[in-house]
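Overview (structure and organization)
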Amino acid sequence: MPRSMTGYGAAQATGTRMSVEVEIRTVNARSLKLNFRTPSFLAAREPEMEKLVRGRLRRGTVTCYVRTQLLAAEDVIRVRSEVVAGYEQAMAALRKQGLVEGHLSPDGIAQLPGAIETGASKPLRPADWKVVKDAVVGALDALDAMREREAKHLVKDLLAITKAMRAEIKNVEKRVPVVLEEQAAKLKERIDALLADHGVELDEATLAREMALVADRSDVREEITRLRAHLDEFDALLANGGEMGRTLDFLAQEMLREANTMGSKSQDTQLARAVIALKSSVDRLKEQAANLE
């Protein structure tokens, strides 16, 4: 199934100790670029989260936001009694010397360095990681669903463009024999006019050879054949799904090459207009294909 490179997915998972919310946003890029925004205590698990993402995505700039909320009171905040006791012991000695007065108050304890720690600094437990992993996988599932929906619209638009290109190619194909005949007739008229002044006649074999050379320089039927082949391959990729963005871009470049060659060969106004329309369609193909993974 084709997938767009632009999308958004979010999911939430809750365990006995922690609630986790994950958001994943993706935008276009030629390769896969990952950015994580996570709490500090999850830093050691980022390689595992990256592995989960790389298992599902191939291209795009991906930003993953992970927000956690600790549910148990003892995890949210904990007073380190041994640190407070150490401060109290030191203050008792100072009080005996008359250097300080009074005892530690709750406000005073909160200001003691190292006396209070939050759950975020505690090691991540296996059960906590499972909750984080479930949220990441859920967000990836939601992201995939959105990217597939977006891709359906892109594919529909791309197929409409290739259909229009085929119709334009048919018009070119019908016009080519007419143009070749007109060019041959004009060539014969010019040659006859030039030779008439000198009383010389050109034999039919020589005239036929010159006409063949002119026709060869103006004939775009080979380019039409290759352009159709590229369009067939383009449509087949869209039908088969999977990773296709780079290949579609390559095919579009080849289509543009053929259209440019047709343009350089075409001296006819109608053919020139058709070539311009084809090149414009190829630009639209490139623009839309750039959004597919």
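Residues numbered from 1 in each chain as written. Predicted model: local features only at pLDDT ≥ 70, side-chain atom pairs only at ≥ 80, totals over all residues. Heavy atoms only, no water.

A closer look at the pairing of strand S1 (residues 7-14)
Burial along S1 is one-sided: the face carrying Gly 7, Gly 9, Ala 11 and Ala 13 is buried and the face carrying Tyr 8, Ala 10, Gln 12 and Thr 14 is not. Pairing of S1 with strand S2 (residues 18-27), which is carried by eight bridges, proceeds in the antiparallel orientation. Paired with Ala 10 across the bridge in S2 is Glu 23. In this antiparallel pair of consecutive strands, S1 and S2, the connection spans three residues. (Buried < 20%, exposed > 50% of the residue type's maximum accessible area, 1.4 Å probe, protein only. Helix = DSSP H or I, 4+ residues; strand = E, 2+ residues; numbered from the N terminus. Pairing = 2+ DSSP bridges.)

What about the side chain of Asp 128?
One can find Asp 128 in helix H5 (residues 126-196). Note on Asp 128: relative accessible area 3%, which makes it buried. Not counting residues up to four positions away in its chain, the partners in contact with Asp 128 are Arg 17 and Met 18. (Contact = heavy atoms within 4.5 Å.)

A closer look at the packing of helix H8 (residues 245-265) against helix H9 (residues 269-289)
As a packed pair, H8 and H9 sit with axes 9 Å apart at the nearest point and diverge in direction by 165°. Relative to H9, H8 is oriented roughly antiparallel. Crossing geometry of H8 relative to H9 is assigned as left-handed. Where H8 abuts H9, its residues Gly 245, Leu 248, Asp 249, Ala 252, Gln 253, Met 255, Leu 256, Ala 259, Asn 260, Met 262 and Gly 263 lie against Val 275, Leu 278, Lys 279, Val 282, Leu 285, Lys 286 and Ala 289. Looking at the contact of H8 with H9 residue by residue, the class counts come to eleven nonpolar, four polar and three charged. (Axes fitted to C-alpha atoms, helices over the stretch in contact; angles between N-to-C directions. Parallel < 35°, antiparallel > 145°, perpendicular 65-115°, else oblique. Left-handed = near helix turned anticlockwise from the far one by under 90°. Nonpolar A, V, L, I, M, F, W, Y, C, P; charged D, E, K, R; others polar.)

Digging into the packing of helix H7 (residues 221-240) against H8
Two numbers describe how H7 lies on H8: the axes approach to 9 Å, and their chain directions differ by 160°. Comparing the axis directions of H7 and H8 gives the class roughly antiparallel. By crossing handedness, the relation of H7 to H8 is classed as left-handed. Two secondary-structure elements touch here, H7 through Glu 223, Ile 224, Arg 226, Leu 227, His 230, Leu 231, Glu 233, Phe 234, Leu 237 and Leu 238 and H8 through Thr 247, Leu 248, Leu 251, Glu 254, Met 255, Glu 258, Thr 261, Met 262 and Lys 265. Each residue belonging to the contact of H7 with H8 can be placed in one class, and the counts come to ten nonpolar, three polar and six charged.

Notes on the sheet that holds S1
As a general point, the strands of a sheet are linked pairwise by backbone hydrogen bonds and lie either parallel or antiparallel. The sheet built from four strands is open, its strands ordered S1-S2-S4-S3 with mixed pairing. The open sheet has two edge strands with one neighbour each: S1 and strand S3 (32-37). With direction set aside, neighbouring strand axes in the sheet form an average angle of 15°.

Let's talk about the environment of Gln 288
Here Gln 288 shows up in helix H9. Residue classification places Gln 288 among the buried residues on the basis of a relative accessible area of 18%. Along the backbone, Gln 288 and Val 155 are 133 residues apart, and their C-alpha atoms lie at a distance of 8.7 Å. Once you skip the residues sitting within four places of it in the chain, Gln 288 turns out to touch Leu 154, Asp 157 and Leu 158.

Considering the pattern of salt bridges
Between side chains of opposite charge, a pair can form as their charged atoms come close. Per the stated rule, a full pass over the model turns up 22 salt bridges. The residue Arg 226 makes a salt bridge to Glu 223 at a minimum N-O spacing of 3.4 Å. Of the two residues, Arg 226 and Glu 223 both sit in helix H7, three residues apart, roughly one turn of that helix. Judged by relative accessible area, Glu 223 falls into the buried class, the value being 3%. One network of salt bridges, with partners in common, ties together Arg 3, Arg 56, Asp 141, Asp 144, Arg 147 and Glu 293. (Salt bridge = Lys/Arg side-chain N within 4 Å of Asp/Glu carboxyl O.)

Observations concerning the pairing of strand S4 (residues 60-70)
Both S2 and S4 contribute to a ladder of ten bridges, which runs antiparallel. By the bridge assignment, Ile 24 is partnered in S4 with Cys 64. In terms of strand pairing, S3 meets S4 through six bridges, oriented parallel. Residue pairing across strands places Phe 36 opposite Cys 64, the latter belonging to S4. You can see the chain leave S3, run along helix H1 (residues 46-54) and come back into S4, and the turn it takes is left-handed. (Right-handed = clockwise from strand over helix to strand, strands pointing away.)

Looking at the nonpolar core
Met 165, Phe 234 and Met 255 are the most contacted members of the largest nonpolar core, which has 32 residues in total. Of all elements in the fold, only H5, H7, H8 and H9 reach the threshold of two or more residues within this core. It is H5 that provides the largest number of residues to this core, a total of ten residues. Among the nonpolar cores identified, the runner-up in size contains 28 residues, and Ala 11, Leu 42, Val 66 and Leu 124 belong to it. (Core = buried A, V, L, I, M, F, W, Y, C linked by side-chain atoms within 4.5 Å.)

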